[in-house]
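Now for the letters of each chain:
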Amino acid sequence: MTRPLKVGIAGLGTVGASVIRILERRNETVTQRGGRSVEVMAVSARDKAKDRGIDLSPFTWFDDPVDLARSADVDCVVELVGGADGAAFEVVQTALSHGRHVVTANKALLAKHGLALAKLAESKGVSISFEASVAGGIPIIKTLREALPGNEVSRLYGILNGTCNYILSRMELEGLTFQECLKDAQRLGYAEADPTFDVEGFDTAHKLAILTSLAFGTEIDAEAIYVEGISSITPLDLAMAKELGFRIKLLGVAERTDTGIEQRVHPTMVPRTSSIAQVMGVTNAVTIDADAVRELTLIGPGAGGDATASAVVADIADLAAGVAQPLFGKPVDQLEKAPRAPMQRHEGGYYIRLTVHDRPGVAAGVATRMAEEDISLESILQKRSEIAATQDPHGRSGAPVSLVLITYAATEASIRSAVEKISRDGLIAEPPQVIRIERD
Ligand SMILES: NC(=O)c1ccc[n+]([C@@H]2O[C@H](COP(=O)([O-])OP(=O)(O)OC[C@H]3O[C@@H](n4cnc5c(N)ncnc54)[C@H](OP(=O)(O)O)[C@@H]3O)[C@@H](O)[C@H]2O)c1
């Protein structure tokens, strides 16, 4: 039998410790599949004394993960430290420079340095595998890179952040506020103490950047992504969405348009009957629209030690079997430098909720501004708050009411312009809420 694939693991936290456990449990299967066993030779983390629930005595310990990365004893370095720069970047760069394959779960690192690292890997004749970096246990990288050569992908969208999906699901099902659900998510360990990165959409953007490059064969371009988070979503928006036949999800969307590749992350109204709308709680999902398969949706656990380690082990098993792919599916010099489609030119349906003063002429004023921007309305709904309805049954007080507009396809620029004019006209009592609609 061929000699074992020798692995070094940098980072023994939630994912790293699970990788060691799964490799112990599944090594026989991995060996049968690849014709070669996998042997963990070396490990590294910050604190050697920490109890990780695993026996580390068979492995060589490195205090510095960069030393592990250059060790002649390993063929493959598994980077599970995390972070776009610092130790993780140094580990990966050193490993590649020394001709070692790299397996990583680090989306932040790839979103920022993916192209440079892909070039380095190519020049050294080694590979970088990163199945675990997007949507945890869902094999979305393998699907995009290996399963769809007969397809031209036109659009890809997904729920790529479990924290946001958990918060939106609970807000909808229990009528709670964003802050109430965020606190619960933090208590349950689904959200960090500083949740900005998740709830403001940046984590989703990193993952989307990776998927876009694979789906469209383009250079990774995380800076081109339009990003909006979920902190402004209210229970009223979720209730209105339900009434209108939608659900609100934080989606990462990548689409090939006439003006280039559109990449956007924002709260999105999706039809309640769509596959993606059924995905609740911390679960992730990705839908791919392509010419041959038409629509393909993958649903599964987006995080968690074992689910993420499952993807890391799949990458290691592929390496053992001699399966290696260019990082973004093609050699770097064949990746397209696609023009960025500006968000202002995005075209689609919109949900616009205006808190207007309930007096004659307001609805007409809103309709005029919409018409000036060539925006056609599919429906208009007026909602008075329950308190206002009880205290003022005939609506004579002029107290603010919610006016909800659903538009037919319009451009982002025209929607922004109309909403700005309506604000300037003094027709609204609160900042407007605008949520894009994504049809299936
Ligand atoms: N957790 C998930 O569900 C999940 C899902 C998808 C992707 N990922 C990605 O997987 C990677 C690892 O995540 P994780 O949740 O396992 O992180 P984690 O639990 O925080 O573990 C990080 C590990 O890296 C070690 N470490 C940190 N800085 C170090 C340094 N300077 N030198 C040496 N070791 C260092 C830590 O050592 P000590 O243990 O000694 O402190 C720890 O073992 C990240 O890129 C993350 O984005 C995680």
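Residues numbered from 1 in each chain as written. Predicted model: local features only at pLDDT ≥ 70, side-chain atom pairs only at ≥ 80, totals over all residues. Heavy atoms only, no water.

**Q** Mind showing me how you'd approach the overall build of the chain here?
**A** Within the chain, the secondary structure is distributed over 14 helices and 17 strands. On C-alpha atoms alone, the chain measures out to a radius of gyration of 25 Å, which is about the 22 Å that the 2.2 N^0.38 rule sets for 440 residues. The proportion of buried residues among the 440 residues of the chain is 55%. Put simply, of all contacts in the chain between residues at least 6 apart along the chain, 77% involve residues at least 24 apart. Of the accessible surface of the chain, which amounts to about 18,700 Å², a share of 49% is contributed by carbon and sulfur atoms. Across the chain, the centroid of the 46 positively charged side chains sits 1 Å from that of the 58 negatively charged ones. (Helix = DSSP H or I, 4+ residues; strand = E, 2+ residues; numbered from the N terminus. Rg over C-alpha atoms; globule rule 2.2 N^0.38 Å. Buried < 20%, exposed > 50% of the residue type's maximum accessible area, 1.4 Å probe, protein only. Contact = heavy atoms within 4.5 Å. Areas by Shrake-Rupley, 256 points an atom, 1.4 Å probe, with all protein chains shown as cover. Lys, Arg positive; Asp, Glu negative; His and termini not counted. Charge placed at Lys NZ, Arg CZ, Asp CG, Glu CD.)

**Q** Teacher, can you tell me more about the site of the ligand here?
**A** Taken together, 22 residues form the shell around the ligand, and within it Leu12, Val15, Asp47, Arg52 and Gly304 come nearest. Contact between the ligand and Asp47: an oxygen atom at 2.8 Å from a main-chain N or O atom of the residue. In the model, an oxygen atom of the ligand is placed 2.7 Å from a nitrogen or oxygen of the Gly304 main chain. Calculation on the ligand without its partners gives an accessible area of 900 Å², and the protein chains cover 77% of this total. Taken together, the residues of the shell around the ligand sort by class into ten nonpolar, seven polar and five charged. (Near = heavy atom within 4 Å. Polar contact = N/O pair within 3.5 Å; in protein donor to acceptor, adjacent residues only side chain to side chain. Nonpolar A, V, L, I, M, F, W, Y, C, P; charged D, E, K, R; others polar.)

**Q** Is there a simple way to explain the packing of aromatic side chains in this structure?
**A** Aromatic rings in a pair are described by how distant their centres are and how their planes are angled relative to each other. Applying the stated criterion to the full structure yields three aromatic pairs. Ring centres 4.9 Å apart and planes at 65° place the aromatic pair Tyr166 and Tyr190 in the edge-to-face group. Taken together, the residues span a long stretch of sequence, with Tyr166 in helix α6 (residues 162-174) and Tyr190 in the loop between α7 (178-187) and α8 (196-199) at a distance of 24 residues. You can call Tyr166 buried: its relative accessible area is 9%. Between Phe197 and Phe202, the aromatic rings sit 6.4 Å apart at their centres with planes inclined by 35°, giving tilted as the arrangement. Look at Phe202 and you get partly exposed, because its relative accessible area is 38%. (Phe/Tyr/Trp six-rings, centres within 6.5 Å; stacked < 30°, edge-to-face > 60°.)

These results come straight from atomic positions and should not be treated as a statement about function.
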